[in-house]
Amino acid sequence: MRLLALLFLIPGLLIAQEPPRAVAVDPNLQRDVGQDWFQHGRNVYESAKRTSGPTQFELYGRAAQIFSRYIGEYPNHKNTEAAWWYLGQSYRAVGRPEDAKRCFHSLLNRFGKGRYAAAAAYSLAADHYNNRQYALAATLFEKLAAIATKPTDRQRGQFYAGQSYEMMKQERRAIAYYRKLLDDPDRSNPYRSKAELALGSLYAKSGKLDEALQLLAKVAASSSTPDTRGKAALEAGAVAARLGDIELSDKYFNLIMRSSGMEEFRPDAQIALMAARFDHKRYREVIKIFSQSTTPGTGEREAKRLMLGARAYMMLDRNADAMPLFRAIERLTLPNPKYAFDASYFRLLCFYRIEGRHVLDQVDAFLELYRKKLPRDPKIHTALLMKAETLFAEGKPAEAADVYRDINPSMLSEKNRRGMLYQRGRCLTDANDPEAAIKSLSDFITKYPDDERVPLARASRGSAYAETGQPGLAIADFQQIIETTKDDKLLTLAYLQSADISKQQADLDAMIKYYLAFLKEVPDPEKDAIAKASYWAGWAMVKKNRGGEAIPYLEKARELSPKYYDKHAGLLLCLVHLSQKKPAELIPELETAITKGYALNLPDQLIRWAADQAFNRKDFVNAARFYDLIADSENPELAPKEIWRFLGKARNQSGDPAGGLIAIDHALDQESDPAWQADCLNDKGRALFMLKRYDEAMTSVEEGLALRPEGRAGASLHMLRGEIFEAQGNIKEAIRSYVLPVQLMADGDQVVKPKALSKLIEVLKKDGQTDAANRYQQELDRKYPGWKE
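Each chain has its residues counted from 1, following the order in which its sequence is written. Totals for whole chains, interfaces and linings use all residues, but because this is a predicted model, local features are given only for residues with pLDDT of at least 70 and pairs of side-chain atoms are given and counted only at 80 or more. The side-chain figures draw on all heavy atoms in the structure; neither hydrogens nor water molecules are used.

Draft legend 1. Molecular detail of the overall build of the protein. Scanning the protein for helices and strands turns up 40 helices and zero strands. Along the longest, intermediate and shortest principal axes, the C-alpha atoms of the protein span 190 × 75 × 40 Å. We call two residues in contact when some of their heavy atoms are within 4.5 Å. Considering only residue pairs separated by 6 or more positions, the protein has 51% of its internal contacts joining residues 24 or more positions apart. Computed by Shrake-Rupley with a 1.4 Å probe, the accessible areas treat only the displayed protein chains as cover when residues are assessed. Only carbon and sulfur atoms are counted for the fraction: they give 50% of the accessible area of the protein, which is about 40000 Å². Here the protein contributes 115 positive and 105 negative side-chain charges, whose respective centroids are spaced 10 Å apart. Strands here mean DSSP runs of E at least two residues long; helices mean DSSP runs of H or I at least four residues long; both are numbered from the N terminus. We treat Lys and Arg as the positive residues and Asp and Glu as the negative residues; His and chain ends play no part in the count. Think of each charge as sitting on NZ of Lys, CZ of Arg, CG of Asp or CD of Glu.

Next up, the structure:
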């Protein structure tokens, strides 16, 4: 690596021209006016060179005018090539660089070769080089080498073409030009040693250390200037150190320390002596050289010297001795902030080692200074790791996760990366950043597959995969846990998470499989986990029309965790009992639903079926409760008329005639069929009769009979009419009312006719008609043996 960059190239060449000689004048020759103009311009130009200040500026301006006029009037004169050069130089002298460049380009384009063209090429190339326009400079230096008439101009062009390509990082082309200089047969080549130095530096940079050392050693031992030899010796010492030859390295550095003219390089040599020993972990020798130093450097050199000494102290665990040296580097306030940055970091690291638990303020101060400027520097990320670990140790995982999230693992040492990847993944999972958690945990699992924390990492990553919509990868992680661990908590997590993901994917068979496997394989799970698995296994079984299998699991879930599953398990059990047409199981389950307040979540069809079954089973109390769930008193027209009719009957039968009356009125409002109207009027009359509102009850009966109902409807109305008369004490009319259904109904009727016979017998006895009562009793016993109401 080159230690000293080329700082400046001479902007132009001084082209000396022979002064005119006095010769005899042939009067027969014609006068050369162009020559006179050129010579006049040349004289003014030379006068300008010999003066200074405003007079010089004025003379250069006059020279530019003369040469410009000369070129305009004599474009093809023998001195035009030289005139272009002098015109360009004059423009440059009066501060018109662009006009000067135009002149030099014109000279190159028109004349191509010659000493003036070479001088123009060099002037343009030097200008581009000094302005860091290396591509343009390289082209013109190559032009100079191609058109030069003098070996030194050719060699100069080749060397600086190589320098330009080197500045553009095109080392292969640079090396080609340096080799041309080494192969040049001209023994007086002034650029040979410089080319050897440059080529040796490139070889050292590319790792060709043996070739580099050979060239650098040759320059160091040459008769070149002390500056060139000093640079070569400095690099030779560094290369020898990299080759592990400390003795040879010291030889070159000590050459610098004792050679006159190389004083400039002595601080670098001393630093190199320390660095060579530091690289070979000879830290005590580094400190010895540092302590014995009598020629400390300045600026960056002093920073390097202090840094090597301080880091050697650190490596010997002498952190307290290192910290003042790092502070000294920070106080140097160098233009290159890297030295202060590195010193601040190492000082922070010393502090962390000495008093790690108090490091948060120090880390924040360090990050405040450097984080924005150097966001990707490894030291920034290691400082963040110090902070994250401290926060995690203090029991602040959320804050730690925020810091872990900013750490780039590739910026950490291998020693720190393992734990950081694992801990960061867990923290990011807790902090709801699953994408970042996946990356961190995946790096950990991939790089450290034998770490005992891998199952925990898989559990966290599986959850993160599930959260980011990658179910296949999530289940793969949980399956690995199931197959490789015996930890109850991890197994519980793996089975339940796999089942949850299967549910989200609508894979109910897999869902059931995972839940049942959990209930079977995990020996002592928590009660809530059993309840969850039982409920959701039952839920999936219901969805798969496996209701019979679901019942024990749903009941188990409700038993273990009523707070969470009482309602939902109860709803599913109602559906199962409905699907299996089991009213004996459904009716009490629906009673429970009403009691616990979730019956309204059931479908109307289920409630209607349960109500019908209860009604048919003469369970009128539950029938009334069930019908009431699907009847809307505020919007009675929304419920089917049949619901109101059966609700009224059920209420009457369960001893709620007032409620029955309301339901029957809603039924009558919707009913248009005369037969069903008569039936409703009979139920209404019954409710009024039960309320002892006999006159209203009789009115309802008469309205029903006016519709001329046939069969049981008509008979029931006559029966009710008889009961009303009987209640009013009108036994004769009661007898006539009971006789009609006895006469009208066929013997096959098992409901109304036997009841009518029974009522008729009862009132005949009250009226004293014993023979008639006995006769009807015989008919009742004969036709309906053992009948009871």
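Draft legend 2. Here's a closer look at the pattern of salt bridges. We count a salt bridge whenever a side-chain nitrogen from Lys or Arg sits within 4 Å of a carboxyl oxygen from Asp or Glu. Across all of its chains, the model carries 59 salt bridges by this definition. In this structure, the salt-bridge partner of D342 is K338, at a minimum N-O distance of 2.6 Å. Of this pair, D342 and K338 both sit in helix α17 (residues 337–355), separated by four residues, roughly a single helical turn. Given the relative accessible area of 47%, K338 is considered partly exposed. A salt bridge links K759 to E726, with the shortest nitrogen-to-oxygen separation between them at 3.8 Å. One end of the pair, K759, is in helix α39 (residues 752–766); the other, E726, is in helix α37 (residues 711–728), with 33 residues separating them in the sequence. The burial state of K759 is the same as that of E726; both residues are buried. Each of D250, R277, R282 and E285 takes part in a single network of salt bridges with overlapping partners. Relative accessible area decides the class of each residue, using a 1.4 Å probe on protein chains only: under 20% of the type maximum gives buried, over 50% gives exposed, and in between gives partly exposed.

Draft legend 3. Here's a closer look at the packing of aromatic side chains. Any pair of Phe, Tyr and Trp rings, taking the six-membered ring for Trp, is counted once the centres come within 6.5 Å. Such a pair is stacked with planes under 30 degrees apart, edge-to-face with planes over 60 apart, and tilted for the rest. Enumeration over the complete set of coordinates arrives at 36 aromatic pairs. Consider the rings of Y345 and F346, whose centres lie 5.3 Å apart with planes at 65 degrees: the pair is edge-to-face. By relative accessible area, Y345 is classed as buried at 7%. With relative accessibility at 11%, the residue F346 sits in the buried group. Relative to Y448, the ring of F444 has its centre 5.9 Å away and its plane inclined at 45 degrees; by these criteria the two rings are tilted. For F444, a relative accessible area of 0% puts it in the buried group. The exposure class of Y448 is buried, given its relative accessible area of 5%. Grouped by ring-pair contacts, the aromatic residues F38, Y45, Y60, F67, Y70, Y74, Y86 and Y116 constitute a single cluster. We call a charge positioned over a ring when the NZ of a Lys or the CZ of an Arg lies within 6 Å of the ring centre and within 35 degrees of the ring normal. Directly above the ring of Y252 sits K251, whose terminal nitrogen or CZ lies 5.3 Å from the centroid. Positioned over the ring face of Y776 is R775, at 5.9 Å from the centre of the ring.

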